[in-house]
There are 2 protein chains.
Amino acid sequence: MSRISEHVSLASDQLRSGDTRALSRAISAVENQAPGSVELLKELFPYSGRALTIGITGSPGAGKSTLVDQLARQYRRENRTIGIIAIDPTSAFSGGAILGDRIRMQEHFSDPGIYIRSMATRGALGGLARATANVSLVLDACGRDLVLIETVGVGQDEVDIIRLADMTVVMLVPGMGDDVQSIKAGIMEIADIFVINKSDHEGAERVEREIRALQSLAARGEWIPPVVKTTATSGAGVSELRAVIGDFETHLQKPGLLLDRRARNWELRLIEMLRDNLLDKAREVIPEPELARLAREIAQHLRDPYSVIEQVTEKVSRS
Amino acid sequence: MSRISEHVSLASDQLRSGDTRALSRAISAVENQAPGSVELLKELFPYSGRALTIGITGSPGAGKSTLVDQLARQYRRENRTIGIIAIDPTSAFSGGAILGDRIRMQEHFSDPGIYIRSMATRGALGGLARATANVSLVLDACGRDLVLIETVGVGQDEVDIIRLADMTVVMLVPGMGDDVQSIKAGIMEIADIFVINKSDHEGAERVEREIRALQSLAARGEWIPPVVKTTATSGAGVSELRAVIGDFETHLQKPGLLLDRRARNWELRLIEMLRDNLLDKAREVIPEPELARLAREIAQHLRDPYSVIEQVTEKVSRS
């Protein structure tokens, strides 16, 4: 056993003992792809697959964080431990993720049964889905009973992330004008449960009718996604949501269902992992200054990009 | 010269003569990555780079299509030819892209100076940015003076697409509650021009104040993105927008500016192209049934995904 894997083994034992500081360090290592992090993930993998992972998505301002916090409180009363991965749209202007994280961390700081990690949507191409999946795996392997992944629900990126979960909760709010249809395109299909939050606002009934109308057009499986109305700020409807999540958990226990879903998710993830891995390799082969030089020559029309890519692909394969 | 490249040369000559049916066929070929399409792109590349490409982005329901149509009409009055690439969120439920396309096509059908192509946001991983870039290149090389690319403006995907353009117009609408900040995170930074559409609605002034407030926090370059108020349905403000686009065109003519921007865009595109290319290669090496089998074994915890990826990466390199 090499020194690195010895070190990793120690880390993995400590991690699985529930040490929160070790967990934070491990998550940072995995997020930043620090040396040894792949070894750590390999070591933790056999202990994963026990947590129920729930993806919660909705437009900005739908009240995701508040609902997730309420849900976490509900599960804590049942003595189940929670990991929360909050994926925040971050901007150079607003620095949203960091601020939100701090505020929420303070509130739950005293309860080691809730672990919150915020992640920013900016950064490396395609890197966020990978990072989220790996962080989720760490939380799972370290014994969290539930992993809640919250993300803004528009764009392929978010769909990719939410696909990692065992179940998907899609949040809507009233008063989005006549945009309901277009906003949820691509997200509607992946919902196992719908939540209409801010259901005390005008228009909640209309949102429900629209969901029902869209559902009536869709192919029906055995599970017809229920619609739960909540007011996350007051906690109204949260125990109903908890019950419906329980129903879906029961549904997933039908022979083969959870395994099928996870196998399908792993198929998508394998492709993403492969793409990310190959890209890392490509970046090694074509260092940044060379890339910049080639890009400038293309912009000047001194070369065509298609031949450049063929040459570099060739070089990656030979490396 | 091989038979394929002879065929392609003929196609490319016909294309550049302005034949609309040839254009449609070429775009379909490029979109579907038909055999010979890379050769066609290589051949067309030297003729590209003349069109001004404008990315127009905004939330669903902001009125992008209407504004783009108004802008196209304005340019037609100046006798400039237009290519429009409309990236629509498509859903298995709504089939939005196709319907929208038909309606718009009918209206412009009689004017060969406007060519509209709708593209769906669903489909192959990372494939949309590539397809959009290639279609834009075809339109450009075939002599369109302007290429307008419209897309829903949230998510990394959309940012990647809009980055292809020489300039970016970000559309906002009043009445989005207090979400203005979060919605535009990630998009604010790439705006060269802001449009507040539906500016006759209540709250337009507030949106403008918020943009100004965010701008005051940002680093200032030579160009401070102006804010134009429009009502696309009536056409109000469209000629002001046209004028501001003209100002930015003039700004881009400063020595090196357009070239710098295009070189930066090509750098991002090269990475994306490389990733897509390598992924195509990976899919050849690991065919779908094998992928499905591996994914199932991972879901059953018979293997860990990290070792699988290492083995496949190895295999891709050796292939």
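Residues numbered from 1 in each chain as written. Chains lettered and ligands numbered in written order. Predicted model: local features only at pLDDT ≥ 70, side-chain atom pairs only at ≥ 80, totals over all residues. Heavy atoms only, no water.

**Remarks on the overall build of chain A**
- The helix and strand tally for chain A stands at 13 helices and seven strands.
- Residue burial in chain A is summarised as follows: out of 319 residues, 57% are buried.
- Long-range contacts, defined as pairs at least 24 residues apart, comprise 77% of the intrachain contacts of chain A with a sequence gap of at least 6.
- Accessible surface for chain A amounts to roughly 13700 Å². Of this, 51% is attributable to carbon and sulfur atoms. (Helix = DSSP H or I, 4+ residues; strand = E, 2+ residues; numbered from the N terminus. Buried < 20%, exposed > 50% of the residue type's maximum accessible area, 1.4 Å probe, protein only. Contact = heavy atoms within 4.5 Å. Areas by Shrake-Rupley, 256 points an atom, 1.4 Å probe, with all protein chains shown as cover.)

**Let's talk about the pairing of strand β5 (residues 167-172) of chain A**
Residues and elements named next belong to chain A.
- Of all the six residues making up β5, six are buried; the element is thus mostly covered by neighbouring parts of the structure.
- The two faces of β5 match: M167, V169 and M171 on one face and T168, V170 and L172 on the other face are all buried.
- Sheet topology places strand β1 (residues 52-58) next to β5; five bridges connect them, and they run parallel. Each bridged residue has a counterpart across the sheet, and for G55 the counterpart in β5 is T168. (Pairing = 2+ DSSP bridges.)

**Description of the packing of helix α12 (residues 288-299) of chain A against helix α11 (residues 257-285) of chain B**
- Following both chains from N to C, one finds α12(A) and α11(B) inclined at 120 degrees, their axes separated by 8 Å at the closest point. With respect to α11(B), the axis of α12(A) lies oblique. By crossing handedness, the relation of α12(A) to α11(B) is classed as right-handed. Along the contact surface, α12(A) presents E288(A), L291(A), A292(A), L294(A), A295(A), R296(A), I298(A) and A299(A), while α11(B) presents L259(B), D260(B), R262(B), A263(B), W266(B), E267(B), L270(B) and I271(B).
- Of the residues in the contact of α12(A) with α11(B), the class split is eleven nonpolar, no polar and five charged. (Axes fitted to C-alpha atoms, helices over the stretch in contact; angles between N-to-C directions. Parallel < 35°, antiparallel > 145°, perpendicular 65-115°, else oblique. Left-handed = near helix turned anticlockwise from the far one by under 90°. Nonpolar A, V, L, I, M, F, W, Y, C, P; charged D, E, K, R; others polar.)

**Focus: the side chain of E208(B)**
- Residue placement: E208(B) occurs in helix α9 (residues 204-217).
- Apart from the residues within four sequence positions on either side, E208(B) is in contact with I196(B), V227(B) and K229(B).

**A few points about the domain arrangement of chain A**
Residue and element names in this part refer to chain A.
- By domain assignment, chain A separates into domain 1 (1-47), domain 2 (49-253) and domain 3 (266-318).
- Each side of the interface is counted separately: domain 2 has nine residues, and domain 3 has eight residues.
- Roughly 740 Å² of surface becomes buried between domain 2 and domain 3 when both sides are summed, with 48% attributable to carbon and sulfur atoms.
- Applying the counting rule to domain 2 against domain 3 returns two salt bridges. (Domains from an automatic or database assignment. Buried area = accessible area lost by both parts, 1.4 Å probe. Salt bridge = Lys/Arg side-chain N within 4 Å of Asp/Glu carboxyl O.)

**Considerations on the nonpolar core**
- Formed by 100 residues in total, the largest nonpolar core has its most connected members in V138(A) and V138(B).
- Sequence-distant contacts of V138(B), that is, excluding residues within four places in its chain, are made with L23(B), A26(B), I27(B), V30(B), L41(B) and L44(B). (Core = buried A, V, L, I, M, F, W, Y, C linked by side-chain atoms within 4.5 Å.)

**A look at the confidence of the model for chain A**
Residues and elements named next belong to chain A.
- The predicted model of chain A averages 82 in pLDDT, with 80% of residues at 70 or higher.
- Counting contacts from residues 91-99, a segment whose pLDDT is below 50, to residues more than four positions away or on other chains yields 18 contacts.
- ipTM for the predicted complex: 0.81, alongside a pTM of 0.71. (pLDDT = per-residue confidence, 0-100.)

**Observations regarding the packing of aromatic side chains**
All names here are of chain A.
- Applying the stated criterion across every chain, the model contains four aromatic pairs over all chains.
- Each ring, one from W223 and one from F248, has its centre 4.8 Å from the other, and the planes form 65 degrees; the classification is edge-to-face. Here F248 lies in helix α10 (residues 238-252) and W223 lies in the loop between α9 (204-217) and β7 (227-229), a separation of 25 residues in the sequence.
- Owing to a relative accessible area of 1%, F248 belongs among the buried residues under this scheme. (Phe/Tyr/Trp six-rings, centres within 6.5 Å; stacked < 30°, edge-to-face > 60°.)

**Points about the pattern of salt bridges**
- On inspection of all chains with the given rule, the structure shows 37 salt bridges over all chains.
- A salt bridge links E208(A) to R212(A), with the shortest nitrogen-to-oxygen separation between them at 3.7 Å. Highlighted residues: E208(A) and R212(A), both in helix α9, separated by four residues, approximately one helical turn.
- Residue classification places E208(A) among the buried positions, given a relative accessible area of 17%.
- Given a relative accessible area of 36%, R212(A) falls into the partly exposed group.
- With its nearest N and O atoms 3.4 Å apart, the salt bridge here joins D280(B) to R130(B). Within this pair, whereas D280(B) is found in helix α11, its partner R130(B) is found in helix α6 (residues 127-141), the two being separated by 150 residues in sequence.
- When salt bridges with common partners are traced through the structure, they connect E205(A), E208(A), R212(A) and K229(A) into a single cluster.

**Quick word on α12(A)**
- Along its twelve residues, α12(A) runs 16 Å from first to last C-alpha, staying within 8% of the 16 Å computed at 1.5 Å per residue.
- The inward-facing, buried residues of α12(A) abut α13 (305-318) of chain A together with α11 of chain B.
- Of the residues trailing α12(A), H301(A) is marked for its positive phi of about 60 degrees. (Expected span 1.5 Å × (residues − 1).)

**Description of the environment of R303(B)**
- Inspection of the secondary structure puts R303(B) in the loop between α12 (288-299) and α13 (305-318).
- Classification of R303(B) by relative accessible area gives partly exposed; the value is 29%.
- Sequence-distant contacts of R303(B), defined by excluding residues within four places in its chain, comprise F45(A), R293(B), L294(B), E297(B), I298(B), V308(B) and Q311(B).

**Side note on unusual backbone geometry**
- With a phi angle near 70 degrees, N79(A) is a residue other than glycine that sits in the positive phi range.
- Take N79(A): it is sitting in the loop between α4 (64-77) and β2 (82-88).

**Looking at the packing of helix α2 (residues 20-31) of chain B against helix α3 (residues 37-44) of chain B**
All names here are of chain B.
- Contact geometry for α2 and α3: axes closest at 9 Å, N-to-C directions at 120 degrees. On the basis of the axis angle, α2 is oblique to α3. Pair α2 / α3 crosses with left-handed handedness. Along its contact with α2, which presents A26, A29 and V30, the element α3 presents S37, L40 and L41.

**Overview of the environment of W266(A)**
- With respect to the secondary-structure elements, W266(A) resides in helix α11 (residues 257-285).
- Once the C-alpha coordinates of W266(A) and A51(A) are considered, the two residues, 215 residues apart in sequence, prove to be 16 Å apart.
- W266(A) has contacts with F45(A), M273(A), A295(B), I298(B), A299(B) and P305(B), leaving out every residue within four places of it along the chain.

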